Each structure stands twice: as C-alpha cells, then as structure tokens.
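# Notes for the structure review
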2 protein chains.
Amino acid sequence: MDCENTRLTQQRKVVLEELKKTTAHPTADELYEVVRKRLPNISLGTVYRNLEILSACGEILKLDLGEGKKRFDARMDPHYHLRCTQCGRVFDIPYVPLDKEIEERLQGVNHFKVTGIQIHFDGICEECLKKMN
Amino acid sequence: MDCENTRLTQQRKVVLEELKKTTAHPTADELYEVVRKRLPNISLGTVYRNLEILSACGEILKLDLGEGKKRFDARMDPHYHLRCTQCGRVFDIPYVPLDKEIEERLQGVNHFKVTGIQIHFDGICEECLKKMN
DNA sequence: ATATTTATTGATAAAAGTTACTAATAAAAA
DNA sequence: TTTTTATTAGTAACTTTTATCAATAAATAT
C-alpha cells in the first residue's frame, strides 16, 4: 500500500473526522450513515475504500471481534476491547502490558516466529449488569 | 440451543469424524470438500448447519482468526492458534495459562464483568521461515 | 492562474461467506 | 410398525466486502 501519493479528499477527511468523534467503534455501514449527514452523496464503497486506506496507512485501527463484520477505531494508543454479549456494544479497556510477557512465555514452546497478538474480551457492560439485577 | 433432542445422522457423524481426523482447522467449505468424498450428495448448507450445532453443543470449536470466514477445530483441550501470515495455515500453539492471570490483572481497572478472552497469534511458521532464509 | 496528471469518486455489479426456506426423508420413540 | 419430528438436499436470499469504470477533482507542473 502506497501511503505517499495519497490525496486528502473531502470524503476521506470527513470519514476520519467522524470516526475521531466517536468512541463507539462503528462498522463501515454505521459510519456511512453518520458521514452521509455531512456528505449526502458519498457512497458506501467510498467509505469502505477510505477506511481500508486509513487503516493500511496506520491512521486508524480495523477491529475484528468475531461478529462477521469489521469495526473501526481512531484511538491509536494501546488498549483492548470488550464486546458486551448483552447489548453488542464495544468498549475500550485500559491496556495492561501483557503482550511482551505472553511473547516471552511462548518462547521455546514452539517453532514459530510470533509477529502479533490479537486479544479481545467478551463480557457484560456496566449498564447491562445493572439491568440484570 | 437444544442439544438433547439431537439426532446422530450420517451427515453429522461424518462431519464430526472428518473434522477429528485433521489438524488443519478447515473452513466449512474446505470440510465440505472432504466430507463429499464419503457422502457425495451432502449439501454445503448441511455442513454449515452441523458445524453450528456441534459448536453450540460444545463438541467442537468455532474459530475466528479475522480472515472473514470461520474455521473449525475438534481439538477441545486448551490451546492457542497461530495463523501464518505467509502461507495462511493455522497451527496449534501449546497452552500457557494466561487467561486467569489476565483476568486478575484486569480486575479493578474497569467496570465490566469479563466472561471470555479471545487470544490468537499471527506469525510465520517453521516451513515458511526456512523458505525465507 | 491554467493546464496536466492521476488518485479518487459515485454507481453499480459481483464476490464470498453464511443463513433461511421448504417439501421430502430418516432417526428415535411409541 | 407406526408415529413423530429433527434433519436433509436444493435453492434462494442475505450480509459484508471488493471490483469495475467512466467521470471528477486534488496535487503538481507549467
């Protein structure tokens, strides 16, 4: 992916701006609906294309929480994600530096070169916990 | 999901048997091709349906490694998975009991009830490492 | 400023993976 | 054996994502 010869179009700008405004980890389709309020003629394909480019160029994160669709996140500092099995929302979880330790512990037990670790959590959010009691 | 009133059909039996034979973590489609050799008239939908039922009833694992398609595994003892970014194959990684420790460390830093942890690894397998040197 | 180059767009179709539907079948119970 | 109903094959439909392509607009050169 060539991130040098990239142009800051209105569409790409608005997609990135709207993603930065939210903490909801929207899907491409959800973000499309939001962006459409500012750019009514934008197409869903353009949203997909820009999310792909932005994530490939390290400007945003593409998340796969096993839902059969991808989510996106403009927050780039280290953190984890928890998906509430009750309401389906995705929340940020503070980062505790486990990755390094996990890598260390895995040394010697296999013949692979580990290059990345994917971790996320399932659980029940505060709001849903209250509703249950 | 009602796992009591379940019938051991030839199709379900063969799907489970063939999955147990392999360590390749096949997709539904890949397993369909294998099962078809024994049951030429089985349909892809039946393979999907049975994999769904078997995993819902805790007989097999459904894996999502972020590829946009699910994989299945009949190995039920605790272990992790590594996907080789070079050849795309999925390998088993010995289990080191991280889950409990991770859960402990996450206590107090959030307001969620964590019910599950999804961990998998990206890397390069032994075979691909050799080819690179 | 203006012209040129080419990355990007909107619109649409198509691909890939998965689920839903239905009459017919077969596994378990009576 | 008969009855009940979970399951099947075949197919359509659905969801998410990617590809195609002529038209457009952002950056660069003139």
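What you see is a predicted model; the values in this text were computed from it and never measured. (Residues numbered from 1 in each chain as written. Chains lettered and ligands numbered in written order. Predicted model: local features only at pLDDT ≥ 70, side-chain atom pairs only at ≥ 80, totals over all residues. Heavy atoms only, no water.)

### Brief notes about the interface of chain A and chain B
Interfaces are often sized by the amount of accessible area the parts lose when they come together. Spelled out, the test is: Contacts are residue-level and defined by heavy atoms, with any inter-residue pair within 4.5 Å sufficient. The salt bridge definition used is simple: a Lys or Arg side-chain nitrogen within 4 Å of an Asp or Glu carboxyl oxygen. Definition of a polar contact: a pair of N or O atoms within 3.5 Å, with one able to donate and the other able to accept a hydrogen when the atoms are protein atoms, and with sequence-neighbouring residues admitted only if both atoms are side-chain atoms. Strands are runs of DSSP state E lasting at least two residues, helices are runs of H or I lasting at least four, and both sets are numbered from the N terminus onward. As a working rule, the residues Ala, Val, Leu, Ile, Met, Phe, Trp, Tyr, Cys and Pro are called nonpolar, Asp, Glu, Lys and Arg charged, and the rest polar, with Gly in that last group. Should DSSP find at least two bridges between two strands, the strands are taken to pair.
Taken together, the 35 residues of chain A in the interface contact 35 residues of chain B. Put simply, chain A and chain B have 0 salt bridges between them. The tally of links from chain A across to chain B stands at 10 residue pairs in polar contact (both at pLDDT 80 or more). Elements with a minimum of two residues in the side of chain A that touches chain B: strand S4 (90–94), helix H4 (99–106), strand S5 (113–124) and helix H5 (126–132) of chain A. Ranked by residues supplied to the side of chain A that touches chain B, first place goes to S5(A) with 12 residues. Per-class residue counts for the side of chain A that touches chain B are 18 nonpolar, 9 polar and 8 charged. Where S5(A) and strand S5 (residues 113–124) of chain B come together, 11 bridges link them in antiparallel fashion. Looking at the pairing, A:Gly116 lines up with B:Asp122 of S5(B).

### Digging into the domain arrangement of chain A
All names here are of chain A. Here is the rule: Per the annotation, domain bounds derive from an automatic or database assignment of domains. Joining two parts hides part of their accessible area as seen by a 1.4 Å probe, and the buried area is that hidden amount summed over both.
Examined at the domain level, chain A breaks down into domain 1 (10–73) and domain 2 (79–132). Placing a centre on the C-alpha atoms of domain 1 and another on those of domain 2 gives a separation of 22 Å. Facing the 10 residues of domain 1 at the interface are 8 residues of domain 2. When domain 1 packs against domain 2, close to 670 Å² is buried across both sides, 57% of that on carbon and sulfur atoms. It is His25, Leu65 and Glu67 that lose the most area in domain 1 upon contact with domain 2, and together they represent 62% of the buried surface on that side. Taken together, the connections running from domain 1 to domain 2 amount to 1 salt bridge. With a closest N to O distance of 2.7 Å, Arg83 and Glu67 form a salt bridge. Counting across the interface, domain 1 meets domain 2 through 6 residue pairs in polar contact (both at pLDDT 80 or more).

### Topic: empty space enclosed by the protein
Spelled out, the test is: Definitions used throughout: a 1 Å grid over protein atoms alone; a cavity as a set of points that fits a 1.4 Å probe which cannot get out; a pocket as an open set with protein on both sides within 12 Å along at least five of seven lines; a lining residue as one with an atom within 4 Å of a point. Grid points are joined across faces, edges and corners, and a volume is the space filled by probe spheres set on the points.
According to the stated counting rule, one finds 1 cavity of 30 Å³ or more in the structure shown. In this structure, the largest cavity spans a volume of roughly 50 Å³. Forming the walls of the largest cavity are A:Leu98, A:Glu101, A:Ile102, A:Arg105, B:Leu98, B:Glu101, B:Ile102 and B:Arg105. If you list the elements that add at least two residues to the lining of the largest cavity, you get H4 of chain A together with helix H4 (99–106) of chain B.

### Describing the packing of helix H2 (residues 28–35) of chain A against helix H3 (residues 44–56) of chain A
Residues and elements named next belong to chain A. This is how it is decided: Lines are fitted to the C-alpha atoms to define the axes, a helix being fitted only along its stretch in contact, and any angle between axes, read from their N-to-C directions, falls within 0 to 180 degrees. Note on convention: the crossing is left-handed when the near helix lies turned anticlockwise from the far helix by less than a right angle, right-handed when the turn is clockwise.
It is the contact of H2 with H3, at a shortest axis distance of 9 Å, that shows an interaxial angle of 115 degrees. For the crossing formed where H2 meets H3, the hand is right-handed. Across the interface between the two elements, Ala28, Asp29, Leu31 and Tyr32 from H2 touch Leu44, Val47, Tyr48 and Leu51 from H3. Taken together, the residues that form the contact of H2 with H3 break down as 7 nonpolar, no polar and 1 charged.

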